[in-house]
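# Topology and contacts: notes
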Amino acid sequence: MKNEMRREFLAKRNSMPKEEQEEKSRAIIKKLLNSAEYKNARTIFVYINMGSEVRTTEFIEKAWADGKKVAVPIAKKDRLMYFVEITSFENMSRTKLGVTEPDIPMEKQVFPDSKSMFIVPGSMFDIKKNRCGYGGGYYDTYTSEHNVKNTIGVCYDFQLAEKIPTDRYDRKLDKIITELRTIE
């Protein structure tokens, strides 16, 4: 059931016109920039968008302009994910899955702390702050192992359901932001 729902939500997201994705992303980014979590953060942990995900490049550029550190994920096999600081979009490459990642070794990884804002993508979310990713378990594993706080899911409003299926490994978020509402 979970995989079927995930496919339906992603198909709907992928069918959105680019202009609509950009417009809704701008509204979501504006809310992120106005949030207390952003204002209090020294480091922003954020994904680099791919496909039809909420666009994050303008958000990253604004964070740099505001003097914030920006850390992005690098995913390896077996749910291993680590974050590294980037100061530009140079020296990036695209993985087989289409994810844009910097070429920075694991030895340079940075870790979230109480002054971090942690942005999480996903395929579907619910009003109880549950999240379903893409099936790899990377974010749930990472946020659990590192006891990450200030986790904020970003999605288009239609990706927010009343209830989604969850299992014991799924981690609730602290907040979800869409173009229309904020769930706290």
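Owing to the predicted nature of the structure, the values given are computational and were not obtained by experimental measurement.

Scoring rules and cut-offs
Residues numbered from 1 in each chain as written. Predicted model: local features only at pLDDT ≥ 70, side-chain atom pairs only at ≥ 80, totals over all residues. Heavy atoms only, no water. Helix = DSSP H or I, 4+ residues; strand = E, 2+ residues; numbered from the N terminus. Rg over C-alpha atoms; globule rule 2.2 N^0.38 Å. Buried < 20%, exposed > 50% of the residue type's maximum accessible area, 1.4 Å probe, protein only. Contact = heavy atoms within 4.5 Å. Areas by Shrake-Rupley, 256 points an atom, 1.4 Å probe, with all protein chains shown as cover. Lys, Arg positive; Asp, Glu negative; His and termini not counted. Charge placed at Lys NZ, Arg CZ, Asp CG, Glu CD. Polar contact = N/O pair within 3.5 Å; in protein donor to acceptor, adjacent residues only side chain to side chain. Phe/Tyr/Trp six-rings, centres within 6.5 Å; stacked < 30°, edge-to-face > 60°. Lys NZ or Arg CZ within 6 Å of the ring centre and 35° of its normal. Core = buried A, V, L, I, M, F, W, Y, C linked by side-chain atoms within 4.5 Å.

### Considering the overall build of the protein chain
- Helix and strand counts for the protein chain stand at five helices and 13 strands.
- In terms of C-alpha radius of gyration, the protein chain reaches 15 Å, essentially the compact-globule figure of 16 Å for 184 residues.
- Counting only C-alpha atoms, the protein chain reaches 40 × 35 × 30 Å along its principal axes.
- Per-residue burial over the protein chain gives 49% buried out of 184 residues.
- The long-range fraction of contacts in the protein chain, counting pairs at least 24 apart against all pairs at least 6 apart in sequence, stands at 69%.
- Approximately 9,900 Å² of the protein chain is accessible, and the part contributed by carbon and sulfur atoms is 49%.
- Taking the average location of the 33 positive side-chain charges in the protein chain and that of its 28 negative ones, the two points are 3 Å from each other.

### A look at the side chain of Gln159
- Topologically, Gln159 is positioned in the loop between strand S10 (151–154) and strand S11 (160–161).
- Since its relative accessible area comes to 1%, Gln159 is described here as buried.
- Polar side-chain contacts of Gln159 include one of 3.2 Å to the backbone oxygen of Gly122.
- Only 3.1 Å separates the side chain of Gln159 from the backbone oxygen of Ser123, close enough to count as a polar contact.
- Residues within four places of Gln159 in sequence aside, it is in contact with Phe9, Arg13, Gly122, Ser123, Met124 and Phe125.

### Focus on the environment of Cys155
- Along the chain, Cys155 falls in the loop between S10 and S11.
- Separated by 101 residues in sequence, Cys155 and Val54 have C-alpha atoms that sit 6.1 Å apart.

### Description of the environment of Tyr169
- Position of Tyr169 relative to the elements: it lies in the loop between S11 and strand S12 (175–177).
- For Tyr169, a relative accessible area of 52% gives the class exposed.

### Regarding the packing of aromatic side chains
- Per the counting criterion, the structure on display carries 10 aromatic pairs.
- Through a chain of ring-to-ring contacts, the aromatic side chains of Phe45, Phe83, Phe118, Tyr139 and Tyr142 assemble into a single cluster.
- If you follow Lys68 out to its NZ or CZ, it ends over the ring of Tyr38, 4.7 Å from the centre.

### Describing the nonpolar core
- Counting residues in hydrophobic clusters, the biggest one holds 40 residues, and the most contacted among them are Leu32, Ile44, Phe59, Met117 and Ile119.
- Apart from residues no more than four positions distant in its own chain, Phe59 is found in contact with Ile29, Leu32, Leu33, Tyr38, Ile44, Val46, Met117 and Ile119.

### Details of unusual backbone geometry
- At Asn91, a position not held by glycine, the phi torsion is positive, near 55°.
- In this structure, Asn91 sits in the loop between strand S3 (81–86) and strand S4 (92–94).
- A positive phi angle is found at Asn150, which is not glycine, with a value near 55°.
- Its place among the elements puts Asn150 in the loop between helix H5 (138–145) and S10.

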